[in-house]
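Structural overview
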Amino acid sequence: MAVTGMGIVSPAGSNVERNWNRVCSGTPTAMADPALIGGPVTFSCRISDFDVDCLPNPRQTRRLDRFAQLALVAANDALADAGIDTNDWNGSRVAVVIGNGAGGQTSLDDQYRILEEKDHSHVSSLLLPMFLPNMVAGQISLSFGITGPAMIVGTACASGADAIGIARELLNSGRCDIALAGGTEVMLTPMMVAGFARMKVLSTRNSCPTSASRPFDRKRDGLVLSEGAGILVLERWKDADARRARIHGILRGYGASSDAHHVTTPEPRGLGLERAIKSALEDAEIGSSAVKHVNAHGTSTRLNDVIEAQVLSRVFGQHTSVTSTKGVTGHTFGAAGAIEAIFTILTLQRGLIPPTANLTELDPDVDLDVVAGVPRVQEIDTAVSNSMGFGGHNSALVFTRM
Amino acid sequence: MFDQVKNLLVSDFKVPPNQVTTAATLVDLELDSLDVVELAEAVDSKLGAKISDDEIFELGTVGEIVRLIESRVKQADD
């Protein structure tokens with residue numbers, strides 16, 4: 001399956017190039033967050049330069065929660081990148097599959113406050129259109145005249161990757177000719193941060209946010225919450241080739257599995273993730289020795305990084321370079337799998353591996369070739385992007401270079 | 001009051017300013033049922049007049065809506 005368009009909006013930048021430059025620089029985006037003052041964690045990775053006025057229809061924009069606004073901008077960028085004129089396409093042959101965890105949390109929190117402070121008659125009539133997680137798919141379909149299947153996929157932090165995998169299935173089965181697939185998430189509200197903090201998964205380096213997200217580092221103490229959206233345009237290779245589209249990379253395989261172990265804790269041996277990776281490789285008809293790079297889930301939590309590292313050691317060994325771009329972006333939750341899929345494609349396309357930011361001392365339990373410090377120049381033909389989500393969801397995408 | 005209602009429609013509902021005339025209807029302004037509920041709430045919280053979305057629906061034009069708001073503000077003052 002050809003990837004012909006890509007769009008990202010994240011704290012690392014408002015478009016794909018800015019994101020790429022930022023992750024390659026290894027400069028973290030975490031900073032003090034005034035909205036979180038008084039809470040247990042007072043920093044985050046937040047998009048500071050997002051301008052809602054860049055959306056073409058301001059009347060529609062006011063009805064969108066931020067999670068849908070970000071996705072709409074990323075989708076618009078991805079379609080432009082793919083060179084597709086949406087005024088001249090058969091929308092019934094286009095699908096939208098978007099990964100998302102929490103829907104319009106910002107709107108939900110705002111309206112709950114109004115309900116508490118005033119009464120039910122002041123609650124917005126737009127609460128449901130803004131909060132419902134599926135509205136991102138609905139609004140994208142509305143914006144671009146897409147009348148094929150439009151849906152969301154919710155597998156927490158694996159949502160973005162699963163959405164891409166499922167979009168590929170829709171294309172493979174002939175149910176659509178073009179798919180807009182990816183993920184989006186905005187859950188940087190005080191209530192959600194409190195919930196994450198109570199689970200003990202957040203870094204508490206309040207005094208030094210820039211050093212907080214440090215995947216695979218011995219001194220990591222948790223993840224840093226972030227927000228963002230990543231959208232890809234997928235087409236069957238022969239269709240993309242027939243219209244002489246620029247093909248960024250090939251989505252070759254997809255695998256998914258569930259741990260059936262614990263609601264939030266990964267299965268200690270990573271057997272679920274291992275199954276997902278092997279399933280993706282089988283789907284791609286590629287042996288593990290051909291994979292020279294992995295963009296890891298690498299959240300910077302103690303549990304995730306060690307378990308994931310053990311799986312990568314077992315499946316790929318030392319011959320595969322590994323990075324986690326979350327050191328720069330923080331954890332964009334439902335968008336992470338899609339944003340990191342794009343970084344994986346760019347790594348293949350440009351022969352450059354972004355470093356794992358803040359990795360200064362590799363955890364002794366991580367027996368991997370983790371790229372740190374500066375970006376590594378390396379020609380790579382095949383790479384894997386991993387995702388794991390609360391609920392025991394695991395997914396892996398296999399990409400190859402054009 | 002017309003200017004206040006116009007400002008509200010332009011700033012909160014992103015209606016193009018040149019479309020807001022006393023003769024304009026909700027249909028002309030492309031305001032749907034969700035917008036009208038929001039408009040009633042905004043008129044209450046920002047202009048201090050209690051009118052219901054049903055009342056707005058029953059009125060035909062911006063001019064009529066403005067007159068209703070003026071009468072409610074006057075009632076409140078009395």
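None of these values were measured; they are calculated from a predicted model.

This brings us to the overall build of chain A. In terms of regular secondary structure, chain A is built from 13 helices and 15 strands. Compactness check: chain A gives a C-alpha radius of gyration of 20 Å against a globular reference of 21 Å for 402 residues, within 12% of the reference. Principal-axis analysis of the C-alpha atoms places the extent of chain A at approximately 60 × 55 × 40 Å. Burial status across chain A gives 61% buried among its 402 residues. A separation of at least 24 residues holds for 79% of the contacts in chain A among residues at least 6 apart in sequence. Accessible area for chain A stands at about 14,700 Å²; split by element, carbon and sulfur atoms hold 52% of it. Side-chain charges in chain A split into 35 positive and 41 negative, and the spacing between the mean points of these groups amounts to 1 Å.

Time to look at the interface of chain B and chain A. Bring the parts together and some accessible area is lost; that lost area is often taken as the interface size. Contacts between the two partners involve 15 residues from chain B and, on the opposite side, 11 residues from chain A. On the chain B side of the interface with chain A, the three residues burying the most area are Lys14, Leu34 and Glu38 of chain B, jointly 44% of the side's total. Inspection of the chain B/chain A interface yields three salt bridges. Close ionic contact of arginine 63 of chain A with aspartate 35 of chain B constitutes a salt bridge, the shortest N to O distance being 3.0 Å. Counting across the interface, chain B meets chain A through 11 residue pairs in polar contact (both at pLDDT 80 or more). For the side of chain B that touches chain A, the residue count by class is seven nonpolar, no polar and eight charged.

All names here are of chain A. Under the domain assignment used here, chain A contains domain 1 (2-242) and domain 2 (254-400). For domain 1 versus domain 2, the distance between C-alpha centres works out to 20 Å. With 65 residues of domain 1 at the interface, the matching set in domain 2 holds 61 residues. A buried area of about 4,900 Å², summed over both sides, lies between domain 1 and domain 2, and 67% of it is on carbon and sulfur atoms. The interface formed by domain 1 and domain 2 includes five salt bridges. The tally of links from domain 1 across to domain 2 stands at 27 residue pairs in polar contact (both at pLDDT 80 or more). At the level of secondary structure, the elements contributing two or more residues to the side of domain 1 that touches domain 2 comprise β1 (2-9), α1 (16-25), α7 (159-172), β6 (178-185) and β7 (228-235). Per-element accounting of the side of domain 1 that touches domain 2 gives the leading share, nine residues, to α7.

Along a regular strand, successive side chains alternate from one face of the sheet to the other. Residue and element names in this part refer to chain A. Counting buried residues along β7, eight of its eight residues qualify, which places the element largely inside the surrounding structure. Of the two faces of β7, the one carrying Gly228, Gly230, Leu232 and Leu234 and the one carrying Ala229, Ile231, Val233 and Glu235 are both buried. Bridge count for β1 against β7 is seven bridges, and the pairing is antiparallel. Opposite methionine 6, over in β7, you have leucine 232 as the bridge partner.

Residues and elements named next belong to chain A. Ile164, Leu232, Leu234, Leu397 and Phe399 are the most contacted members of the largest nonpolar core, which has 42 residues in total. Considering each element in turn, this core owes the most residues, eight residues, to helix α13 (residues 336-350). Excluding its chain neighbours within four sequence positions, the residues that come into contact with leucine 397 are Ala161, Ile164, Gly165, Leu251, Gly253, Tyr254, Ala341, Ala383, Val384 and Ser385. Formed by 32 residues, the second largest nonpolar core is a distinct cluster that contains Phe67, Ala68, Val73 and Ala229.

Right, let's talk about the environment of asparagine 57 of chain A for a bit. By secondary structure assignment, the location of asparagine 57 of chain A is in the loop between β3 (43-44) and α2 (58-61). Along the chain, asparagine 57 of chain A and valine 263 of chain A lie 206 residues apart, while their C-alpha atoms are 40 Å from each other.

Residues and elements named next belong to chain A. Taken in spatial order, the 11 strands line up as β5-β4-β6-β7-β1-β8-β15-β14-β9-β10-β12 in an open sheet, and their pairing is mixed. The outermost strands of the open sheet, each flanked by one partner alone, are β5 (150-153) and β12 (369-370). Across the face of the sheet, helix α3 (residues 66-82) comes into contact with β1, β6 and β7 while running at roughly 140° to β1.

Before going further, it helps to examine the side chain of aspartate 305 of chain A. Residues and elements named next belong to chain A. Note on placement: aspartate 305 falls in helix α11 (residues 302-315). From its side chain, aspartate 305 meets the backbone nitrogen of phenylalanine 216 in a polar contact 2.8 Å long. From its side chain, aspartate 305 meets the backbone nitrogen of threonine 299 in a polar contact 3.1 Å long. If near-sequence neighbours (up to four positions away) are discounted, aspartate 305 is found in contact with Pro215, Phe216, Arg220, Gly298, Thr299, Ser300 and Val366.

All names here are of chain A. On inspection of all chains with the given rule, the structure shows 30 salt bridges over all chains. Across the pair arginine 350 and glutamate 17 runs a salt bridge, and its minimum N-O distance is 2.5 Å. Here glutamate 17 lies in helix α1 and arginine 350 lies in helix α13, a separation of 333 residues in the sequence. The class for glutamate 17 is partly exposed, based on a relative accessible area of 38%.

Here we take up the packing of aromatic side chains. Residue and element names in this part refer to chain A. Overall, the coordinates contain four aromatic pairs over all chains when judged by the stated rule. Taken together, a centroid distance of 5.5 Å and an interplanar angle of 85° make the contact between phenylalanine 196 and phenylalanine 333 edge-to-face. Taken together, the positions of phenylalanine 196 in helix α8 (residues 190-198) and phenylalanine 333 in the loop between α12 (326-329) and α13 put the pair 137 residues apart, joining distant regions of the chain. Assigned by exposure class, phenylalanine 196 and phenylalanine 333 land together as buried. Between the aromatic rings of phenylalanine 196 and phenylalanine 390, the centroid separation amounts to 6.3 Å while the plane-to-plane angle is 35°, which identifies the pairing as tilted. Taken together, the residues span a long stretch of sequence, with phenylalanine 196 in helix α8 and phenylalanine 390 in the loop between β14 (382-389) and β15 (393-400) at a distance of 194 residues. Accessibility expressed as a relative area gives 22% for phenylalanine 390, which makes it partly exposed. An aromatic cluster is present here, built from Phe196, Phe333 and Phe390 joined pairwise through their rings.

Thresholds, definitions, all that
- Residues numbered from 1 in each chain as written.
- Chains lettered and ligands numbered in written order.
- Predicted model: local features only at pLDDT ≥ 70, side-chain atom pairs only at ≥ 80, totals over all residues.
- Heavy atoms only, no water.
- Helix = DSSP H or I, 4+ residues; strand = E, 2+ residues; numbered from the N terminus.
- Rg over C-alpha atoms; globule rule 2.2 N^0.38 Å.
- Buried < 20%, exposed > 50% of the residue type's maximum accessible area, 1.4 Å probe, protein only.
- Contact = heavy atoms within 4.5 Å.
- Areas by Shrake-Rupley, 256 points an atom, 1.4 Å probe, with all protein chains shown as cover.
- Lys, Arg positive; Asp, Glu negative; His and termini not counted.
- Charge placed at Lys NZ, Arg CZ, Asp CG, Glu CD.
- Buried area = accessible area lost by both parts, 1.4 Å probe.
- Salt bridge = Lys/Arg side-chain N within 4 Å of Asp/Glu carboxyl O.
- Polar contact = N/O pair within 3.5 Å; in protein donor to acceptor, adjacent residues only side chain to side chain.
- Nonpolar A, V, L, I, M, F, W, Y, C, P; charged D, E, K, R; others polar.
- Domains from an automatic or database assignment.
- Pairing = 2+ DSSP bridges.
- Core = buried A, V, L, I, M, F, W, Y, C linked by side-chain atoms within 4.5 Å.
- Axes fitted to C-alpha atoms, helices over the stretch in contact; angles between N-to-C directions.
- Phe/Tyr/Trp six-rings, centres within 6.5 Å; stacked < 30°, edge-to-face > 60°.

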